[in-house]
Amino acid sequence: QNAHYVYFENSSSNPYLIRRIEELNKTANGNVEAKVVCLFRRRDISGNLNTLADSNAREFEEESKQPVLAEQQKHQLKHRELFLSRQFESLPATHIRGKCNVTLLNETDVLAGYLEKEDCFFYSLVFDPVQKTLLADQGEIRVGSKYQAEIPDKLAEGESDNRIQEKLETKVWDPNNQLKDPQIDQFLVVARAVGTFARALDCSSSIRQPSLHMSAAAASRDITLFHAMDTLQKNSYDLAKAMSTLVPQGGPVLCRDEMEEWSASEAMLFEEALEKYGKDFNDIRQDFLPWKSLASVVQFYYMWKTTDRYIQQKRLKAAEADSKLKQVYIPTYTKPNPNQIMVPGSKPGMNGAAGFQKGLSCESCHTAQSPQWYAWGPPNMQCRLCASCWIYWKKYGGLKTPTQNKPRPFSVQESGPRGHMTRQEVQGMSPFTRNEGRAKLLAKNRQTFILQTTKLTRIARRVCEDILQPRRAARRPYASINANAVKAECTYTHTHTSAVPSLRFESIQNVLPKATKTPLKSKLVPRPSLATIVKDLGKSWSRDHHSSRHLSSCVIVLLNRIVVVVVSAAISAPLKLKASRGPPTPINRNQASQPRVGQSLLGKRGFDSVSIVFS
């Protein structure tokens with residue numbers, strides 16, 4: 001059954017999604033949904049994984065000896081590379097926009113051939129969206145010069161072969177032996193009888209095959225016949241010696257294959273894994289049967305295909321497939337794209353009378369004429385694509401030629417060199433792009449706010465300060481605080497200092513010691529006057545700068561005048577312990593540059609503003 005790869009459209013401006021349809025299901029309301037496997041483009045993975053993909057591509061080009069490509073071809077070839085995943089999702093069938101072809105990259109493929117075909121993609125790596133990893137696909141078909149057998153030259157007539165045959169091959173059967181076919185058949189019957197008797201003596205086999213009929217059927221499998229024929233070869237086709245080898249002194253030889261070695265529970269695990277992973281034996285062994293070897297799993301699969309169990313499951317799957325939808329009619333999508341740039345008075349599908357719009361050019365091919373233009377990228381950039389380049393963008397997820405504007409304009413990762421959008425870019429893409437809207441945004445940014453914390457919050461900053469490290473945490477707001485360590489420290493402190501029966505992390509006040517009943521006495525420290533402080537500053541200034549005595553004297557005189565004026569104003573003005581709360585002063589937007597004098601945030605009194613004029 002060929003896999004069906006299709007385009008899905010989930011956004012009018014983003015490229016199509018490429019998905020592989022697994023099955024079609026009809027919902028209760030009559031709609032058709034497709035269960036699909038997700039494939040990812042280069043634009044969908046991180047920069048580190050893109051670097052890993054580039055390294056893998058270079059190794060492939062060196063090993064397969066690819067022809068040299070031009071820069072534009074290398075640029076377009078990245079748009080044809082996909083990454084397979086194990087992720088499934090369900091999408092409405094009405095979002096299908098067309099079919100495409102996706103193949104596993106092979107060493108015999110020529111990369112330039114993918115550029116010559118429309119809707120043709122390739123993949124070589126598997127992307128895990130959860131673990132964010134890229135791994136090589138295990139299902140690679142080994143085709144190429146290094147996987148081929150080296151055929152020696154044909155010997156000339158009369159030339160002898162000097163090679164040592166024993167090192168080249170192992171002889172397991174000689175058709176020119178002295179035994180006749182009836183004698184060989186009789187020996188094979190004896191080998192089956194010995195195998196049946198050996199299963200009757202073995203306890204584990206008697207439990208798996210409780211009846212004589214089941215034991216005889218198990219003894220008739222190929223493993224018994226191979227052992228019998230190998231015994232004849234080792235004993236030089238002597239029937240007497242071969243008989244004694246089948247039944248040595250310790251008892252009859254029991255030969256069992258993988259089908260008989262596996263238990264019923266292991267066989268059920270294998271069937272469950274086969275239903276989930278298909279014939280991916282590496283994943284089957286890793287996730288379901290890690291105690292089995294890969295060779296054992298492969299041998300069991302081919303033996304399991306010969307059983308009635310496989311035939312029954314095949315019939316059930318065929319009946320289930322008949323009940324499901326095999327095909328669905330998808331009408332041609334004819335709705336206009338919202339990104340079309342329409343000229344007033346023009347008909348849909350035509351951008352201008354002759355498809356020409358003055359002052360515009362395609363961002364990809366730089367043409368100035370197109371039957372239809374499409375808006376591409378952020379609105380503030382005002383980029384345009386012609387009809388041909390728009391179809392290329394939707395199908396392949398990039399532009400035909402490299403451009404300064406990244407081919408991922410809708411991805412946040414491509415907005416700036418630092419991996420995030422700048423404030424100017426955000427404002428340019430915000431709804432406040434007009435002048436009046438920008439004025440509103442600036443006025444809103446000028447408003448200030450105050451964050452008043454509770455007493456409990458301020459106390460919490462002092463608890464476990466060595467673990468919290470508030471100064472370090474303030475400089476690194478993105479780093480998480482180890483709340484478990486804080487909780488453990490609080491629990492330890494509570495256990496050794498208090499007898500409270502339950503302690504929560506939120507109740508930090510239980511950890512602190514109880515407050516004293518008598519208030520603490522505060523000691524008043526006399527503050528020196530402002531004139532004394534200024535004079536001391538002047539003395540230190542003059543002491544440190546001997547070479548600028550004249551400048552120091554001028555500064556001291558100037559400071560003395562400031563002190564006299566400030567002290568006189570402070571003496572004459574009464575002390576205001578708390579500013580009166582009057583009506584709020586409205587913000588004058590035209591006086592944004594004037595300094596504001598408001599109430600102190602910490603409740604301390606401030607000096608009144610005094611205008612000083614120097615003569």
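Above: the structure in question.
These figures come from a predicted structure and were not determined experimentally. (Residues numbered from 1 in each chain as written. Predicted model: local features only at pLDDT ≥ 70, side-chain atom pairs only at ≥ 80, totals over all residues. Heavy atoms only, no water.)

Attention now moves to the overall build of the protein chain. For the protein chain, the count of helices and strands is 23 helices and nine strands. By residue count, 29% of the 615 residues in the protein chain fall in the buried class. The contacts in the protein chain between residues at least 6 apart in sequence include a share of 59% that link residues at least 24 apart. Of the roughly 44200 Å² of accessible surface on the protein chain, a fraction of 55% belongs to carbon and sulfur atoms. (Helix = DSSP H or I, 4+ residues; strand = E, 2+ residues; numbered from the N terminus. Buried < 20%, exposed > 50% of the residue type's maximum accessible area, 1.4 Å probe, protein only. Contact = heavy atoms within 4.5 Å. Areas by Shrake-Rupley, 256 points an atom, 1.4 Å probe, with all protein chains shown as cover.)

Taken together, the side chains of Leu530, Ile533 and Leu537 define a hydrophobic patch exposed on the protein surface, amounting to about 260 Å² of accessible area. Looking at the secondary structure, you find Leu530 in helix H22 (residues 530–544). (Patch = residues over 30% accessible without salt bridge, like charges linked within 9 Å, V, L, I, M, F, W, Y side chains within 5 Å. Salt bridge = Lys/Arg side-chain N within 4 Å of Asp/Glu carboxyl O.)

Under the defined criterion, the tally for this structure stands at 16 salt bridges. Between Arg42 and Asp54 there is a salt bridge, and its shortest N-O distance comes to 2.9 Å. Of this pair, Arg42 sits in the loop between strand E3 (32–40) and helix H1 (47–64) while Asp54 is found in helix H1, placing the two residues twelve residues apart along the sequence. Judged by relative accessible area, which is 9%, Arg42 ranks as buried. Its salt-bridge partner being Glu266, residue Lys292 comes within 3.4 Å of it at the nearest N-O pair. Of this pair, Lys292 sits in the loop between helix H12 (281–287) and helix H13 (294–304) while Glu266 sits in helix H11 (residues 264–277); the two residues are 26 residues apart in sequence, bridging distant segments of the chain. Look at Lys292 and you get buried, because its relative accessible area is 13%. Residue classification places Glu266 among the buried positions, given a relative accessible area of 13%. One network of salt bridges, in which partners are shared, links Arg42, Asp54, Lys78 and Glu81.

This model, assessed by the stated rule, comprises 19 aromatic pairs. Here the aromatic rings of Phe270 and Phe300 are separated by 5.1 Å at their centres, their planes lie at 85°, and the arrangement is edge-to-face. Remark: Phe300 occurs in helix H13 and Phe270 occurs in helix H11; sequence separation between them is 30 residues. Of the two residues, Phe270 and Phe300, both sit in the buried class. Centroid distance Tyr374 to Trp390: 4.8 Å. Interplanar angle 5°. Geometry classified as stacked. (Phe/Tyr/Trp six-rings, centres within 6.5 Å; stacked < 30°, edge-to-face > 60°.)

The next point concerns the packing of H11 against H13. Across the interface, H11 lies against H13 with an axial gap of 12 Å and an inter-helix angle of 90°. Classified by the angle between their axes, H11 and H13 sit roughly perpendicular to one another. From H11, Ala267, Phe270, Glu271 and Leu274 reach across to H13, where they touch Val297, Phe300, Tyr301 and Trp304. Across the contact of H11 with H13, the residue classes break down as seven nonpolar, no polar and one charged. (Axes fitted to C-alpha atoms, helices over the stretch in contact; angles between N-to-C directions. Parallel < 35°, antiparallel > 145°, perpendicular 65-115°, else oblique. Nonpolar A, V, L, I, M, F, W, Y, C, P; charged D, E, K, R; others polar.)

On to a negative patch on the surface, then. A surface patch of negative charge is lined by Glu59, Glu61, Glu62 and Glu63. If you trace the backbone, Glu59 turns up in helix H1. Overall, Glu59 belongs to the partly exposed group, its relative accessible area being 43%. (Lys, Arg positive; Asp, Glu negative; His and termini not counted. Charge placed at Lys NZ, Arg CZ, Asp CG, Glu CD.)

Attention now moves to the packing of helix H8 (residues 222–234) against helix H9 (residues 239–246). Their axes nearest at 9 Å, the elements H8 and H9 cross at an angle of 130°. With respect to each other, H8 and H9 are oriented oblique. Remark: the crossing between H8 and H9 carries right-handed chirality. Packed against H8, whose contacting residues are His227, Thr231 and Leu232, the element H9 presents Leu239, Ala242, Thr245 and Leu246 at the interface. Residue composition of the contact of H8 with H9, by class: four nonpolar, three polar and no charged. (Left-handed = near helix turned anticlockwise from the far one by under 90°.)

The subject of this paragraph is the pairing of strand E6 (residues 120–128). Most of E6 sits inside the fold, with eight of its nine residues counted as buried. As judged from the four bridges shared by strand E4 (residues 81–92) and E6, these two strands associate in the parallel manner. When the sheet's bridge partners are listed, Leu82 is paired in E6 with Tyr123. Alignment of E6 against strand E7 (residues 133–136), held across four bridges, turns out to be antiparallel. Bridge pairing links Phe127 to Leu134 in E7. (Pairing = 2+ DSSP bridges.)

What follows deals with helix H5 (residues 181–201). Between its first and last C-alpha, H5 extends 31 Å over 21 residues, near the 30 Å set by a 1.5 Å rise per residue. Taken together, the buried positions of H5 are Ile184, Phe187, Leu188, Ala191, Val194, Gly195, Thr196, Ala198 and Arg199. (Expected span 1.5 Å × (residues − 1).)

Let us now look at the environment of Ile45. With respect to the helices, strands and loops of the structure, Ile45 is situated in the loop between E3 and H1. For the pair formed by Ile45 and Leu134, sequence separation is 89 residues and the distance between their alpha carbons is 9.7 Å.

To continue, consider the side chain of Glu9. Tracing the backbone through its elements, the reader meets Glu9 in the loop between strand E1 (4–8) and strand E2 (17–26). Side chain to side chain, Glu9 and Arg97 meet in a polar contact 2.8 Å long. Once you skip the residues sitting within four places of it in the chain, Glu9 turns out to touch Tyr16, His95, Arg97, Tyr333, Asn337 and Lys394. (Polar contact = N/O pair within 3.5 Å; in protein donor to acceptor, adjacent residues only side chain to side chain.)

Glancing now at unusual backbone geometry. In most cases, non-glycine residues show a negative phi, while peptide bonds are predominantly trans. Phi is positive for Lys132, close to 55°, though the residue is something other than glycine. Within the secondary structure, Lys132 sits in the loop between E6 and E7. Even without being a glycine, Tyr237 presents a positive backbone phi close to 60°. Of note, Tyr237 is situated in the loop between H8 and H9. Among the residues examined, Tyr237 registers a relative accessible area of 6% and is labelled buried.

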